[in-house]
Structure formats: C-alpha cells, structure tokens
Amino acid sequence: MRATYQEIVTSADRTLMDTLTLRRALIPLLTLALSLIIVPILAESAHADGPPPQWIFPVVGTDGVDFAYSDTFGACRGSGCSRGHDGVDIGTYGVKGVPVVAAADGRVKYVNWSWTAENLNPERCCTIAIQHDGGWETWYIHLNNDTPGTDDGLGWGIADGIVPGVEVQAGQLIGWVGDSGNAEGTIPHVHWEVHVDGVVVNPTPHADSAMRIPAPGVLGVDPACAAGSTCDTIIGVDTAGIWSLWDQIEWPANKTSFYYGNPGDLPFMGDWDGDGIETPGLYRQSDGFVYVRHSNTQGIADIEFFFGNPGDVPLVGDFNGDGRDTVSIWRSSHARVFIINDLGEDGAGLGAAEYYFDLDDSDVVPFVGDFDGDGIDTVGFYRASNGHVYLRNSNTGGPADISFPYGTQGDQVLVGDWDGDGDDTVGAYRASDGRLSLNFENASGPEDWSGFVGFFGYLPAAGRSS
C-alpha cells in the first residue's frame, strides 16, 4: 500500500542530525567538483511572452541553515559527460521531508510525467511541472518517495490535491524534498528547472533573486491556536474573486477555496445568523450594496441590501452583543462611524444609522473587534503616520483606552481572537513579503507569531469559518 507522506520533518529524520556536520561540508565540495567539469551552457536567450514572475524560493527555510545550492547548470551528467545538468540542485543537509512550494502562481502541467490525474504512476514518483504566465515553466524533481525514516520507496512526496490541471498559488505547498528517481542513494535534494517557451534556462539567477519563505512561526508558537481551542483564522481574497479560507493559522495550511463577488468588491466575514460560523460578505463601494452568504461556498448572495454612500468602507461586528454580526460603515470624509444592528433584505435600503460617533480624524484605518472579551465589538483604528494602534472598549468618541505602536507603514491591520482566549487582538499583513504577524496581548513588543501566508489582492479578512 502506498503511504501518504504528511509529516514535514519526522523524528526518524532527526536521527540523521549526528551526520549533518559532515554532510554540510560535503554539499559545497560536491557542487564545487561538479562545477569544474562544464559542458557548453545553454544561454538564456529564449524568448518569453512576459518577464519572469516574482519567484518564491522552492524550498522552505534559510540559506545555509536549511538548504544549500550553487550554480551547476550545464555541469557534466551521465556516462562520459553525455548530457548537461539542466537545473540547480537544492540540498537540505541530509533531511528528507522539507516542504517544497510552488515558485509562482500557475497550473500543474504534469505529475510523475503524466498529463492526467488518472495515471499518476507511483513507480515514476515523484516529479511536478508547473506552467506560469508569460511562457514560463518550473520543474521539481526528486521529491520524496519514502515513508518517514526509511528509504523504502513506498512514500508519496506530493501534496494532497496536486494533480495535472489544478491551479496553484505562489508559495503553496506542493511536495517534500527527497531522493526519488535517479537520485536514489544521494543526499536528499530538489532538482529545480526553469523553462521559457519550452527551452531550459539557467535557474540559478532566478533562485538567487527568489523570495525566501522562512520556517513558519516564532517563539515556538506554531500554530498560533493551541490544540483544543477555538480561534479565528485568515481568509485571503485574490483579485479574481477567489476566497481561500484557512482551517487554522499554520504553514503549510489546509485551505478551502471558492469564487465569490466581483473584482473591486471589499471582502469581509461575519456570523450573520448567530450559528457561530462566519461566512463571506462583500461591500460594493460604487453603489453601497452589501452581499452576504450563509455558507462558505460558491454561489449568489443569500441577502443583499444597500447602506451608506458610495465610497464608504464597511465595518463588520456584533455591536450590541446579540450574537449576530451586522454591517456598519466608516465615512472618511466626515471622520465618522455609522452603526446599525440589523441586516437589510430584498435589495432595499436600511435607512438611517441607529447612532454615530466621530474618530480623531480621517487619516486613520478603522477596524472592529471585541478587545475586552465582553461579547460586544467596538471600533479601533490604525494611524499609519505614527504606526500606532488605538483601541476603545465602547462605541463612542473619545480618547483611546489602549494605544501602542505596531507594524510598519504599509502593513494591513486585521483583528481576531488568534489564540482562543476570548478577546480580539491585532495582526498585521505585509503584502510585500506575504507574511502575517500576530499580537496576542494588544501591547507593544515583539510579535507573538509570524509566518508566510501568501500573496493576496485584498486585505485578508479574519474570521471563524468552521
């Protein structure tokens, strides 16, 4: 029976640690020796329809700590130097099972040299090719084919759901490092190739410039939510309207994806019917319409109505403690928050807000959370000009009850109960490197959790989706 390789680094693999010092020395010596015998190198002159993507390095970790590589493109391979090396070998210091990720958004072209999901012959395990925009393509060869702690050839080092034709996102887990194929008996590594319009090119410059994904988590807290706790998680929405709901904040993540809404809609999550599960909502700024669904699936809105004026920003929360979320608005032109505790219906307008209050000024980004754990959501805000977060425990104007510096300019702030302790705290998403940082105590200081979560077109919503 074929085993599923789910553990990233097993305790059995860790028995190799006593040999890692020797192997760390062998990898650079091996690559240096190979680079001394070079066959004519194929120049990177192939034409592409577009520039290369912003690459993600295909192996998770840190250079010189978790992996090592050097430029061996074109080095002799085969009997009598019968062929040149078409890729770069990324070694992991003797450790199998290190996560391998998609280097860019794309579509899986083949798995195990098969173009169809029905013919993934395990005897050819384990190889993946991914097509990207602009004529670019990447190959991932010698993925793991062993059960943890063995070299038995009975494993399956390709992530669940990775089959020909499936769409993948940059940084998405696709498999694990191994020694399959003609690499049996060698130090575990991934052979990574880059092709342009069907022509192989030197991948080393692309590997050098690729964004690294460090091992997830800090301070030994991974995942953020303790076992047995009920916590909020993240929901990323891309520019095509694809929602990706994480089952919990950890990496690699299990995600549920579906289409909902139109490009330009502002996404959010809310518990609209009081069942404890948050589901999608959208605010269309062009006309002030709100569209909400009662399930985390693709489909049309279950409820639609309009509230506010074009250009308003939605603020979602349970503002009266009845267990149901509603959609209020922030109007920056007036520096004013308008609160209402009902949802509309039948495409009609909600009418006037129940009450309103003003924030300090319009140069802020408001957000909503239950900051003191009393069951009522209130409005806080982030001021980018000084990098401070301001929280109030009542929906009234006035000075902040709590304020502290957090994040850097350009971060997108989101709020959730990340650790399941009953109160909401802030998080910051940095679109430039796809990382999420979380604070568990609403206080200044180092982040309590940080990890790569990917690249989204819109601010990731936070919510409890299961």
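Given the structure is predicted, the values throughout are model-derived calculations rather than measurements.

> Could you clarify how one ought to interpret the overall build of the chain in this entry?
For the chain, the helix and strand inventory stands at two helices and 31 strands. Counting across all 466 residues of the chain, residues that qualify as buried make up 50%. As presented, the chain carries roughly 19,700 Å² of accessible surface, and 52% of it is formed by carbon and sulfur atoms.

> Before we go on, may I ask you to explain the pattern of salt bridges in this structure?
One side chain can pair with another of opposite charge once the charged atoms of both are near each other. Here the structure, examined in full by the defined rule, presents 15 salt bridges. One salt bridge connects Asp-417 with Arg-464, and the closest N-O pair in it is separated by 3.8 Å. Here Asp-417, found in the loop between β27 (412–416) and β28 (425–430), pairs with Arg-464, found in the segment after β31 (461–463); they are 47 residues apart in sequence, far enough to count as distant. Judged by its relative accessible area of 22%, Arg-464 falls in the partly exposed class.

> Got a minute to help me understand the state of the cysteines in this structure?
Chemically, a disulfide is nothing more than a covalent bond linking the sulfur atoms of two cysteines. Within this structure, the stated rule accounts for three disulfides. Here Cys-76 connects covalently by a disulfide to Cys-81, the sulfurs 1.9 Å from one another. Because the sign of the S-S torsion sets the handedness, a value of about -75 degrees for the bond joining Cys-76 and Cys-81 places this disulfide among the left-handed ones. The buried category is assigned to Cys-76, whose relative accessible area is 17%. Cys-81 sits in the partly exposed class, given a relative accessible area of 30%.

> Would you explain the environment of Asn-341 in this entry?
Here Asn-341 is to be found in the loop between β21 (336–339) and β22 (355–358). In this structure Asn-341 comes out as buried when scored by relative accessible area, which is 14%. Note: C-alpha distance between Asn-341 and Asp-318 (23 residues apart in sequence) is 7.7 Å. Excluding its chain neighbours within four sequence positions, the residues that come into contact with Asn-341 are Phe-319, Asn-320, Thr-326 and Glu-354.

> Quick question: what am I supposed to make of the nonpolar core here?
Counting 39 residues, the largest nonpolar core has Ile-128, Ile-162 and Trp-192 as its most contacted members. Sorting the residues of this core by element identifies β3 (88–91), β5 (106–111), β6 (128–131), β7 (136–141), β9 (173–176) and β10 (189–196) as the ones contributing at least two each. Considering each element in turn, this core owes the most residues, four residues, to β10. Sequence-distant contacts of Ile-128, defined by excluding residues within four places in its chain, comprise Val-108, Tyr-110, Val-111, Thr-138, Trp-139, Tyr-140, Leu-143, Ile-158, Ile-162 and Ile-174. Within the second largest apolar cluster, 14 residues are counted, among which are Ile-234, Leu-436, Val-453 and Ala-462.

> It is not clear to me how the environment of Asn-393 should be interpreted in this structure. Could you clarify?
With respect to the element layout, Asn-393 can be found in the loop between β25 (388–391) and β26 (402–405). By relative accessible area, which is 28% here, Asn-393 ends up partly exposed. When the C-alpha atoms of Asn-393 and Asp-372 are compared, they prove to be 6.7 Å apart, with 21 residues separating the residues in sequence. Non-local contacts of Asn-393, meaning those with residues more than four positions away in its chain, are made with Phe-371, Asp-372, Thr-378 and Asp-401.

> Teacher, can you tell me more about the layout of surface pockets here?
Empty space among the atoms becomes visible once a probe the size of a water molecule is rolled across them. Roughly 1,200 Å³ of volume is contained in the second largest pocket. Lining the second largest pocket are 46 residues; nearest its centre among them are Met-269, Val-316, Val-368, Val-415 and Ala-462. Breaking the lining of the second largest pocket down by element, the ones donating at least two residues are β15 (266–270), β19 (313–317), β23 (365–369), β27 and β31. Residues that form the lining of the second largest pocket fall into these classes: 23 nonpolar, 12 polar and 11 charged.

> Explain the sheet that holds β31 here, please?
Paired through backbone hydrogen bonds, the strands of a sheet run either parallel or antiparallel to each other. The strand order β14-β13-β12-β31 describes an open sheet built from four strands, whose pairing is antiparallel. Both outer strands of the open sheet, β14 (255–259) and β31, are each paired with one neighbouring strand and no more. Ignoring strand direction, the axes of neighbouring strands in this sheet form an average angle of 25 degrees. Bridge count between strand β12 (residues 233–237) and β31: three bridges; the pairing is antiparallel. Across the sheet, Thr-233 pairs through a bridge with Gly-463, a residue of β31.

> What is the right way to read the sheet that holds strand β29 (residues 435–438) from this model?
Spatially, the four strands line up as an open sheet ordered β27-β28-β29-β30, and their pairing is antiparallel. Each end of this open sheet is capped by a strand with a single partner; those strands are β27 and β30 (449–452). Within the sheet, the average angular offset between the axes of one strand and its neighbour, ignoring direction, is 20 degrees.

> What exactly am I supposed to notice about the confidence of the model for the chain here?
For residues with low pLDDT, the predicted coordinates do not support detailed interpretation. This prediction gives the chain a mean pLDDT of 84; 86% of its residues lie at or above 70. Scored below 50 in pLDDT, residues 1–45 makes 79 contacts in the model with residues more than four places away or belonging to other chains. Per-residue pLDDT stays below 50 along residues 217–221; that stretch engages in 13 contacts with residues further than four places along the chain or on separate chains.

> I would appreciate a short explanation of unusual backbone geometry in the present structure.
With the exception of glycine, the majority of residues adopt a negative phi angle, and the majority of peptide bonds are in the trans configuration. Omega for the peptide link from Cys-125 to Cys-126 comes to 15 degrees, which places this bond in the cis form. The residue Cys-126 is located in the loop between β5 and β6 in this model. In the Ramachandran plot, Ala-335 falls in the positive-phi region, its phi being about 55 degrees despite a non-glycine side chain. Relative to the helices and strands, Ala-335 resides in the loop between β20 (326–331) and β21. Ala-335 gets classed as buried once you look at its relative accessible area, which sits at 10%. The phi angle at Asp-346 is positive, at roughly 55 degrees, despite the residue not being glycine. Counting through the fold element by element, Asp-346 comes out in the loop between β21 and β22.

> Can you walk me through the pairing of β29 in this structure?
The alternating pattern of β29 places Arg-435 and Ser-437 on one face and Leu-436 and Leu-438 on the opposite face, and all of these are buried. Examined bridge by bridge, β28 and β29 share four bridges and lie antiparallel to one another. Within β29, the residue paired with Arg-430 across the bridge is Arg-435. Between β28 and β29, which pair antiparallel in sequence order, lie four residues; one of them, Gly-434, sits at a positive phi of approximately 70 degrees.

Thresholds applied
Residues numbered from 1 in each chain as written. Predicted model: local features only at pLDDT ≥ 70, side-chain atom pairs only at ≥ 80, totals over all residues. Heavy atoms only, no water. Helix = DSSP H or I, 4+ residues; strand = E, 2+ residues; numbered from the N terminus. Buried < 20%, exposed > 50% of the residue type's maximum accessible area, 1.4 Å probe, protein only. Areas by Shrake-Rupley, 256 points an atom, 1.4 Å probe, with all protein chains shown as cover. Salt bridge = Lys/Arg side-chain N within 4 Å of Asp/Glu carboxyl O. Disulfide = S-S within 2.5 Å. Contact = heavy atoms within 4.5 Å. Core = buried A, V, L, I, M, F, W, Y, C linked by side-chain atoms within 4.5 Å. 1 Å grid on protein atoms, 1.4 Å probe; cavity = no way out; pocket = protein on both sides within 12 Å on 5 of 7 lines; lining within 4 Å. Points joined across faces, edges and corners; volume = space filled by probe spheres on them. Nonpolar A, V, L, I, M, F, W, Y, C, P; charged D, E, K, R; others polar. Pairing = 2+ DSSP bridges. Axes fitted to C-alpha atoms, helices over the stretch in contact; angles between N-to-C directions. pLDDT = per-residue confidence, 0-100.

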